Amino acid sequence: MHLPSSTLFFEQIKHLRELIPPQLVDAVDRARTTVPTAAVVIALPAIYIVAKYAAAQIRNRRSRHYLAIVDPKTGMRSAVPGPPTSLMQILTVGQVPEMLAAPSIVAHQSQMMAQYGPAARTIYLMGAPSLTLSDPKLLHTMMAVKSYDFSVTEEARAAFTLATGPRGMLVIEGDVHKAHRRLINPIFNLKVLKSLLPVMQSTFSELEQVIRSSKGATIDFHSLSVNVTLNVIGRTALDTDFDALSNRAHAINWAYSRIVAAFSFDLFHTLWRAVPGFRYLPLPGNIALVKARKIVFGRVSDIMSSKMDGHSLHAAPVKASDRPSLVAALFDELSKNPDSATFTFEDVQNELLTFLAAGHETSSNLFSMIMYYLARQPEIQAKLLRELDGVDPEEYGQCTYLNWVVHEGLRMHSPAYTTGRKSKYDTTLPLSDGRSLQVPKNTMIFVPIQSIHRSTAIYGDDANTFRPERWANLRVATTVADIPSEEEQVATGIKTLHPYQFFPFNAGPRACIGRQFALMEIRLFVASLVHAFQVEIPSDSPLAAAEPEIKYGVTASPVALPLRFVARA
């Protein structure tokens, strides 16, 4: 059939015309009265795809040209170092296959740093340049000074939205992010955190009972760590009990673990994050994610409704029967802080879900790996035990060696092992050597936190060794202005690290708001476990001969940690 009615079809898809070269649009307009509808329906999607591809290639060519290191004294431009690039890579999948072929994303980022320096370039899909940046001065500018000129990447936003909703601090940007941070900051004050310590202690007691019941048999400690930290975040943040250490199956536990799996780098979840529309296909994995999300979001909504008890969001009473929790502190803040007037039910729900997402995986992985390092080096375990003798748990924050152990655990195994940003505009970032980096708009940027923390240039030849004593002669500057001269550092014998040479909790306006909560939890759990048990690696454990396998998803997680716990007399 010829189409006088094809005019209607062209009107319906006229927004596509903006993507098609004008000459082609004119040709299609002249032909549309004689071309059959079926041919148009078949041709237009193909034209659309070709046009999008061509537009991406033009945009990425411009980005590659703009990207450069510039010497401000001479104005001379030089290419950002990176692996050789072929025309085929530029036209298709870039150097993504080489990235995926590396043993891990951390191994790839460490190789980029070692081979190409603090500003390294790779080619992403369809010729788009991406950067791996580790220069501390540059990172300070990008993550603090110009923080809101860089956004969360689309892939990260998709995954975080699944876990926390579209209004949580891991997702939101600009002024909205600033407003949420202003409201939530006060609930992590020292008074609130101290009130949570008894809840953490009682939760640890449950873990201790489970370990004692093993009677010295080999157990997978990481699974216990995951469950006990889930109980902690449930009770302290949401005032709810996940009962994760019991043998009973709970829908909320299944649902939460299913959502966490969405951050994995397997094929299904990579497609889910990266390919528009993939998550809406009626696949079993997608159906399971929808079900899991409904369970978790519904549970948090029920908790909020219970707290509100029929009152409005900003007038919910604090009940005398409520045990201390972050959700109680948040509702108290909502009732008295005038800045909270614009907060909606969804805002609060999403932030509570953020507490859950950000406060569980990171703590469980760090707890697990510190206990692994202590099991591997019993002399460090013994030294820690001597320091803890007779110390009240409220004073653990003042225990020097315990803090060194935790710092070294964070350095050796940073749960948030990398972070990503995307430039909103063309911008310039300063390098420590006096030159500057020109970064084009829409550039994907990777910050290799774990690789920085294990850099031999920063931490010495034994950077890959767990050695808490290194912190006797190291301190981390609070601000850039706090860094003394090299002469002063030599005179005192104390090396001062740039704030962006040790930042396991991220940095700038997007730094982890629950940092002190996490440190209090980890200090308590590590100290209490060492007090109660001698931790060992069994001779028949795979860990006796090799490092634990690490799975990289939303955090760096050990796959399994078969350890033995011998009760102390």
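Residues numbered from 1 in each chain as written. Predicted model: local features only at pLDDT ≥ 70, side-chain atom pairs only at ≥ 80, totals over all residues. Heavy atoms only, no water.

## Description of the packing of aromatic side chains
In plain terms, the rule: In summary, the pairing rule links any two rings of Phe, Tyr or Trp, Trp by its six-membered ring, whose centres are within 6.5 Å, and it sorts them by plane angle into stacked for under 30 degrees, edge-to-face for over 60 and tilted for everything else. Secondary structure elements are taken from DSSP: a helix is a run of H or I of four residues or more, a strand is a run of E of two residues or more, and numbering for both begins at the N terminus. Burial classification: accessible surface area is computed with a 1.4 Å probe over protein chains only, and a residue below 20% of its type maximum counts as buried, one above 50% as exposed, and the rest as partly exposed. Placement of a charge over a ring requires the Lys NZ or Arg CZ to be within 6 Å of the ring centre, with the centre-to-atom vector within 35 degrees of the ring normal.
Scanning the entire structure with this criterion turns up 12 aromatic pairs. Their ring planes at 75° and their centres at 5.1 Å tell us that Phe-221 and Phe-367 sit as a pair that is edge-to-face. With a gap of 146 residues between them, Phe-221 in helix 11 (residues 221-237) and Phe-367 in helix 16 (residues 345-376) connect regions that are remote in the sequence. Here Phe-221 matches Phe-367 in class, with each residue buried. Measuring from centroid to centroid gives 5.5 Å for Tyr-500 and Phe-503, while their planes differ by 50°, and the two rings are tilted. Note that Arg-62 overlies the ring of Tyr-66, its terminal NZ or CZ placed 5.0 Å from the centroid. In this structure, Arg-293 packs its charged tip against the face of Phe-297, placed 4.1 Å from the ring centre.

## Some points on the layout of surface pockets
Rules: Lining residues are defined by having an atom within 4 Å of a point belonging to a cavity or pocket. Those points lie on a 1 Å grid over the protein atoms alone, cavities being sets where a 1.4 Å probe fits but cannot get out and pockets being open sets with protein on both sides within 12 Å along at least five of seven lines. Grid points are joined across faces, edges and corners, and a volume is the space filled by probe spheres set on the points.
In this structure, the second largest pocket occupies an estimated 720 Å³ of space. Looking at the second largest pocket, it is lined by 34 residues, and the ones nearest its centre are Ser-110, Gln-450, Ser-451, Arg-454 and Ser-455. For the lining of the second largest pocket, the secondary-structure elements that each account for two or more residues are helix 6 (105-116), helix 16, helix 19 (449-453), helix 20 (456-459) and strand 14 (550-552). No other element matches the four residues that helix 6 contributes to the lining of the second largest pocket.

## Looking at the sheet that holds strand 2 (residues 77-78)
Each strand in a sheet pairs with its neighbour through backbone hydrogen bonds, running either in the same direction (parallel) or in the opposite one (antiparallel). To be explicit about the condition: Each pair of strands is called paired provided DSSP finds at least two bridges between the two strands. Contacts are assigned to residue pairs that have any heavy atoms within 4.5 Å of one another. Axes here refer to lines fitted to C-alpha atoms; in helices the fit is confined to the stretch in contact. Angles between the N-to-C directions go from 0 to 180 degrees.
The strand order 2-1-9-8 describes an open sheet built from four strands, whose pairing is antiparallel. Each end of this open sheet is capped by a strand with a single partner; those strands are strand 2 and strand 8 (427-430). Alignment of strand 8 against strand 9 (residues 436-439), held across four bridges, turns out to be antiparallel. What sits directly across from Thr-428, in strand 9, is Gln-438. Packing against the sheet, helix 7 (residues 136-145) makes contact with strand 8 and strand 9, and its axis sits at approximately 135° to strand 8.

## Digging into the environment of Met-143
The topology assignment puts Met-143 in helix 7. When its relative accessible area of 1% is taken as the criterion, Met-143 is described as buried. The spatial distance from the C-alpha of Met-143 to the C-alpha of Gly-397 is 28 Å, given a sequence separation of 254 residues. Setting aside residues up to four positions removed in sequence, Met-143 forms contacts with Thr-419, Arg-421, Val-447, Tyr-500, Phe-503, Asn-506, Ala-507, Gly-508 and Pro-509.

## Notes on the pattern of salt bridges
So the rule is basically this: The working definition used for a salt bridge is a side-chain nitrogen of Lys or Arg within 4 Å of a carboxyl oxygen of Asp or Glu.
In total, this model carries 19 salt bridges according to the counting rule given. For Glu-173, the salt bridge is made with Arg-510, and the minimal N-O distance between the two is 3.1 Å. Here Glu-173, found in the loop between helix 8 (154-164) and helix 9 (174-184), pairs with Arg-510, found in the loop between strand 12 (495-497) and helix 22 (515-532); they are 337 residues apart in sequence, far enough to count as distant. In this structure, Glu-173 and Arg-510 share a single accessibility class: buried. Taking the shortest distance from any N to any O, the salt bridge between Arg-235 and Glu-206 comes out at 3.1 Å. Pair noted here: Arg-235 is in helix 11 and Glu-206 is in helix 10 (residues 190-213), with a separation of 29 residues, a long-range link. Overall, the relative accessible area of 6% leaves Arg-235 in the buried class. Taking relative accessible area as the criterion, Glu-206 reaches 29% and is therefore assigned partly exposed. Salt bridges linked by common partners bring Glu-408, Arg-411, Asp-462, Arg-467 and Arg-470 together as one network.

## Re helix 12 (residues 251-260)
Burial analysis of helix 12 places seven of its 10 residues in the buried class, which makes it a mostly covered element. Taken together, the buried positions of helix 12 are occupied by Ile-252, Asn-253, Ala-255, Tyr-256, Arg-258, Ile-259 and Val-260.

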